[in-house]
Amino acid sequence: LAPEFYQALKELSSAFHTGRESITAAKTLEEKLGEAKEEVRWGDQPLDRLPPELELKGVSVAYQGRPVLKNITATIAAGRMVAIVGPSGAGKTTLLRVIAGLVPVTDGQILINGQSRENVREEAWFDQLSYIAQHPYIFSGSIYDNVALANRKGASKREVFKAIEQAGLAELVALLEQGIQTPIGEGGRGLSGGEKQRLALARAFVKQPSLVLFDEPTKGLDLKTEQILLQSMSQLAKTATVITVAHRLHTVKQADWILVLDQGEVVAQGTHADLEAHSPHYRQLLGLEEVRVEGGRKE
Ligand code: ATP
C-alpha cells in the first residue's frame, strides 16, 4: 500500500475531526493524488451559498510554457448547465480543472458573481464545489467513509444511503455482505470506472454543492448507467451551476449553453440548435457522435 494513500486517509480523517485542514480534504477528494501541486491564488472573502455566475475573461493556461488554453472568454450563467465539447486533447479537462481552482491561470481572470476569484477564501470555494473527475479519487476505507467525508460536517448513515440511491449505487451496495461498511481498496480497487464516478456523484449529493464540475467518461458506460448519470446531473442542476465536459449527445442536448473547444480555444458557443445550424466545428463533432451511435459500442 502506497504511503501517500495512508497520508491521504490521515489528512481526511483529521480534517473531518478538526475541520482545520478541510481545504486539504476537499482538494484531496476533488483530485487524484500525485499530481503536481500548482499555485492558485486565493484571498479572504466569503462566498454566498448560491449557484454562482462564472465569468472567464481571457483565461490562458500553459504547461511548461506550452499553451493549452488560449484566451478563453465565456460566461456561465448562475444555475445553468453548460457543456464543454471538443475533440480529444482540445483542453476540456484542463478547462474544468482551471475552473475548479486546481490549475493556475497563466493569464486572465475568473470572476465569481462579478468578483475576482483570487479574492475568495480557498476553503469557502472548495466547500461549495463538487468535482466529479473521470477517475475520481477513492481512498482506502469503507463506502460510507468515502461518501460521508465529502461533507465537512459528516453525514448520517441515512444521508449516505439516500445519496447512494440518488447516484444509482443502491443495487450494488445491496449485493455486498457488509453493505455501506464494505471496505474499498486504495485507489478504489474493486470498483469499475462507472462505479467510481457514481461514488463521486454520491459524494456530491451528500455535499450539496452550489457548483458541480463533471468530467463525463468517454467510455465504458452501459445505457442504464448513462441514464442514471443523466438523471443525477439534472437532479444536482436544480440547486447548482453545472459545468460538464460532454461526450454524449444526450448530455449536450440537456445543456443550456455549449462551449466548443478546439486546440485550446473556444471556437464557437451557443445553444445546441444555434450551433447545429451555424458551427462547422460543432457539426463535425455531432457527425462523429452519430457514427459512434450507429456503429454500436464503438467508443
Ligand atoms: P480528452 O477528451 O482526450 O480527455 P481534453 O480535451 O480533456 O482531452 P486535456 O486533457 O485538457 O484535453 O489536455 C489538453 C492538452 O494539455 C493535451 O495536449 C495534454 O497532453 C496537455 N496536458 C494536460 N494536462 C497536462 C499536465 N498536467 N501537464 C502537461 N500537459 C498537460
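Residues numbered from 1 in each chain as written. Predicted model: local features only at pLDDT ≥ 70, side-chain atom pairs only at ≥ 80, totals over all residues.

S.K.: Could you clarify how one ought to interpret the overall build of the chain in this entry?
M.R.: What the chain contains, in helices and strands, is 12 helices and 12 strands. In the chain, which comprises 299 residues, the proportion classed as buried is 42%. (Helix = DSSP H or I, 4+ residues; strand = E, 2+ residues; numbered from the N terminus. Buried ≥ 20, exposed ≤ 12 C-beta atoms within 10 Å, placed from the backbone.)

S.K.: When you look at the packing of helix 6 (residues 157-166) against helix 8 (residues 193-207) in this model, what are you seeing that I'm missing?
M.R.: For any two helices packed against each other, one specifies the inter-axial angle together with the distance between the axes. One can describe the packing of helix 6 onto helix 8 by two numbers: an axis separation of 8 Å at closest approach and a directional angle of 130 degrees. Between helix 6 and helix 8, the angle falls in the class oblique. The element helix 6 and its partner helix 8 pack so that their crossing is right-handed. On helix 8, the residues touching E159, V160, A163, I164 and Q166 of helix 6 are A202, F205 and V206. Broken down by class, the residue content of the contact of helix 6 with helix 8 amounts to 6 nonpolar, 1 polar and 1 charged. (Axes fitted to C-alpha atoms, helices over the stretch in contact; angles between N-to-C directions. Parallel < 35°, antiparallel > 145°, perpendicular 65-115°, else oblique. Left-handed = near helix turned anticlockwise from the far one by under 90°. Contact = placed C-beta atoms within 7 Å. Nonpolar A, V, L, I, M, F, W, Y, C, P; charged D, E, K, R; others polar.)

S.K.: Even after reading the chapter, I still don't get the site of the ligand, so can you show me in this structure?
M.R.: In the vicinity of the ligand, the residues found are Y63, V68, G86, S88, G89, A90, G91, K92, T93 and T94. Counted by class, the shell around the ligand contains 3 nonpolar, 6 polar and 1 charged residues. (Near = placed C-beta within 6 Å.)

S.K.: Where do I start with helix 6 in this structure?
M.R.: One full turn of an α-helix is made of 3.6 residues, so residues set three or four places apart face in the same direction. Among all positions of helix 6, only V160, A163, I164 and Q166 are buried. Taken down its axis, helix 6 places every buried residue within 160 degrees of arc, on the same side. Projecting away from the buried face of helix 6 at angles above 90 degrees are the exposed residues K157 and R158. Buried residues along helix 6 sit against helix 5 (143-148), helix 7 (170-175), helix 8 and helix 9 (223-237). (Arc of directions from axis to C-beta.)

S.K.: Sorry, what's going on with the sheet that holds strand 6 (residues 129-132) here?
M.R.: Two strands in a sheet stick together by hydrogen bonds in their backbones, pointing the same way (parallel) or opposite ways (antiparallel). Ordered by their spatial adjacency, 6 strands build an open sheet running 6-9-10-3-11-12, and the pairing between neighbours is mixed. The sheet is open, and its two borders are formed by strand 6 and strand 12 (265-270), each paired with just one other strand. Averaged over all pairs of adjacent strands, the angle between strand axes in this sheet comes to 15 degrees, irrespective of strand direction. Relative to strand 10 (residues 241-245), strand 9 (residues 211-215) is paired through 5 bridges, and the arrangement is parallel. Bridge pairing in strand 10 links D215 to V245. (Pairing = 2+ DSSP bridges.)

S.K.: I keep staring at the pairing of strand 2 (residues 66-76) and nothing clicks. Help me out?
M.R.: Each regular strand carries side chains that alternate between the two faces of the sheet. In terms of strand pairing, strand 1 (residues 54-63) meets strand 2 through 7 bridges, oriented antiparallel. The residue of strand 2 that forms the bridge with Y63 is R66. Connecting the antiparallel pair strand 1 and strand 2 is a turn made up of 2 residues, with Q64 showing a positive phi of about 45 degrees.

S.K.: Explain helix 9 to me, please; I cannot follow it from the model alone.
M.R.: Taking 1.5 Å per residue as the helical rise, helix 9 with its 15 residues ought to reach 21 Å, and the 21 Å between its terminal C-alpha atoms agrees with that figure. Three or more residues of helix 9 are buried, namely I228, L229, S232, M233, L236 and A237. Seen along its axis, helix 9 keeps its buried residues to an arc of 165 degrees; they face one direction. Exposed residues lying more than 90 degrees from the buried face of helix 9 are L223, K224 and S234. Looking at the buried side of helix 9, the elements it contacts are strand 3 (81-85), helix 6, helix 8, strand 9 and strand 10. (Expected span 1.5 Å × (residues − 1).)

S.K.: Help me understand the confidence of the model for the chain, please; the structure alone is not making it clear to me.
M.R.: When pLDDT is averaged across the chain, the result is 82; 81% of the residues are at 70 or more. Here residues 14-23 is a poorly scored stretch, pLDDT under 50, and it has 15 contacts once near neighbours within four places are set aside; other chains count. Across residues 290-299, confidence stays below pLDDT 50; counting only partners more than four residues off in sequence or on other chains, it has 4 contacts. Interface scoring of the predicted complex returns ipTM 0.93; its pTM is 0.84. (pLDDT = per-residue confidence, 0-100.)

S.K.: How should I be thinking about the environment of D127 in this particular structure?
M.R.: Residue position: D127 is located in helix 4 (residues 122-127). You can call D127 partly exposed: it has 18 C-beta atoms within 10 Å. Separated by 30 residues in the primary sequence, D127 and R97 place their C-alpha atoms 16 Å from one another.

S.K.: Help me understand the pairing of strand 6 in this model?
M.R.: Residue alternation in strand 6 divides its side chains into two sets, L129 and Y131 and S130 and I132, and both sets are buried. Note: strand 6 against strand 9, 4 bridges, orientation parallel. Across the sheet, the residue bridging to L129 is L211, located in strand 9.

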